[in-house]
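Summary of the model geometry
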There are 2 protein chains.
Amino acid sequence: FKAKHKSPSRIVYGNRGMTLEQEINDSNQYYLEREIAVIHKKPIPIQIVDVDYPKRSAAVIKKAYFKTPSTTDYNGIYRGYYLDFEAKETKNKTAFPLSNFHDHQIKHMKACEKQHGICFTIVRFVSQDELYLMPTSLLFNYWDNQAHGRKSIPKKEIEDVSFKIEYSLQPRIPYLKAVDLLINQIEGDNNE
Amino acid sequence: FKAKHKSPSRIVYGNRGMTLEQEINDSNQYYLEREIAVIHKKPIPIQIVDVDYPKRSAAVIKKAYFKTPSTTDYNGIYRGYYLDFEAKETKNKTAFPLSNFHDHQIKHMKACEKQHGICFTIVRFVSQDELYLMPTSLLFNYWDNQAHGRKSIPKKEIEDVSFKIEYSLQPRIPYLKAVDLLINQIEGDNNE
Ligand SMILES: [Mg+2]
Ligand SMILES: [Mg+2]
């Protein structure tokens, strides 16, 4: 009986062909308009080689290359906290491959955490259409040991230590609820 | 006697044909390497129209347009504080023209301050080669009244309420010293 794998939220509000990035951008717009948080996707860095400045019309970039980003995709501020995160999807059903991450993204998140920023990854398992806010502790653990260990994080472990995000109508991805739980967890750890 | 206009810092460490942006980027690199702060210049947003994917070589953007940025130039984290700022130069000797700012930059800084971010502008008067960290209070005051008032901020007022930044050898623009003073001022105001 296949239908039981589809959660109600999937049926009612779920991903309708939008990319995870589009859904997060929409959610950020929702949060911005309601003065809940100011979070933006960073533009893709490019190396501009040639630009045309035609008279009476806008400048046209005629030649440019994509550069490797030195940071993560998203950052901003939410009730005094600096947030910094990546959004990643996988079609893998049982694990999240580490090849989805780049070394500079990991380094950047580690540097931000040293300054007391709140870092995480929003992970989407495409086939189950499940979303998790994965803490950096799990990611760094697998990342730092991948030379000797496995090259992916088991979904089971992600489920165990992450905060599940349920799709909603407005915003589509209410990830700040999960951020609240993450902040409570981090601040609880610091007070122990 | 012209030489008296040149401060010692100008002679020893001053701007050597680098743009303000380059100098701030270099300073951010210095802060990053020493784990003092994680601040990055945001890439310029572009609208990509046409991309070529040649075999065995990197993708080439063949046509693209510049988009209006929805935020400021710089943001990041410094000892738990979210920083967000613009860097602006003027050749005007007596005032800073408001035309250097765009409405979306002002709106963005106001939104960030509602979330308790630390916002400011690094202003450079090119002919005197003087740098100031200008608080948003002064900027917003002139900005919000420009329809009925003057279209520029007098340099004298900037000098009075800003934190002066002196060039140094490493980093070239040690603006985090001024940020420390700004944070003290903001937190002092909140505790009154
Ligand atoms: Mg991404
Ligand atoms: Mg600028």
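The following paragraphs examine the structure supplied in this document. The numbering scheme is per chain: residues are counted from 1 as the chain's sequence reads. Following the order in which they are written, the chains are lettered starting with A and the ligands numbered starting with 1. Confidence filtering applies because this is a predicted model: local features only for residues at pLDDT of at least 70, side-chain atom pairs given and counted only at 80 or more, and all residues used for totals across whole chains, interfaces and linings. Heavy atoms from the whole structure form the basis of all side-chain values; hydrogens and water molecules are not counted.

So, about the pattern of salt bridges. Take a side-chain nitrogen of Lys or Arg and a carboxyl oxygen of Asp or Glu: if they are within 4 Å of each other, that pair is a salt bridge. Evaluated as defined, the whole model comprises 28 salt bridges over all chains. When the shortest N-O distance is used, the salt bridge between Lys164(B) and Glu166(B) registers 3.5 Å. Linked through salt bridges whose partners overlap, the residues forming this network are Glu89(A), Arg124(A) and Asp129(A).

Describing two packed helices takes the angle between their axes plus the distance from one axis to the other. Residue and element names in this part refer to chain A. Where helix H3 (residues 103–114) meets helix H4 (residues 136–144), the closest approach of the two axes is 12 Å, and the angle between their N-to-C directions is 130°. For the element pair H3 / H4, the angle class is oblique. Relative to H4, the crossing made by H3 is left-handed. Residues Asp103, Ile106, Met109, Lys110 and Glu113 of H3 touch H4, and the partners they reach there are Thr136, Leu139, Phe140, Trp143 and Asp144. Each residue gets one label: Ala, Val, Leu, Ile, Met, Phe, Trp, Tyr, Cys and Pro are nonpolar, Asp, Glu, Lys and Arg are charged, and the others, such as Gly, are polar. Among the residues making up the contact of H3 with H4, the classes are represented as five nonpolar, one polar and four charged. A fitted line through C-alpha atoms serves as each axis, taken over the contacting stretch for helices, and the angle formed by two N-to-C directions is quoted from 0 to 180°. Strands are runs of DSSP state E lasting at least 2 residues, helices are runs of H or I lasting at least 4, and numbering of each runs from the N terminus. Oblique is the label for any angle not covered by the other classes, which are roughly parallel (under 35 degrees), roughly antiparallel (over 145) and roughly perpendicular (65 to 115). Whether a crossing is left-handed or right-handed is set by the direction in which the near helix is turned from the far one by less than a right angle, anticlockwise for left-handed and clockwise for right-handed. What makes two residues a contact is simply this: any of their non-hydrogen atoms within 4.5 Å.

Turning next to the nonpolar core. Put simply, a nonpolar core is a bunch of buried Ala, Val, Leu, Ile, Met, Phe, Trp, Tyr and Cys residues held in one set by side-chain atoms that sit within 4.5 Å of each other. Relative accessibility thresholds used throughout: buried, under 20% of the residue-type maximum; exposed, over 50%; partly exposed, between the two (1.4 Å probe, protein chains only). Among the nonpolar cores identified, the biggest contains 42 residues, and Leu139(A) and Leu139(B) are the most heavily contacted of them. Every element with two or more residues in this core is listed here: H3, strand S7 (118–125), strand S8 (130–135) and H4 of chain A together with helix H3 (103–114), strand S7 (118–125), strand S8 (130–135) and helix H4 (136–144) of chain B. Discounting residues that sit within four places of it in the chain, Leu139(A) has contacts with Leu98(A), Phe101(A), Ile106(A), Met109(A), Thr121(A), Met134(A) and Ile153(A).

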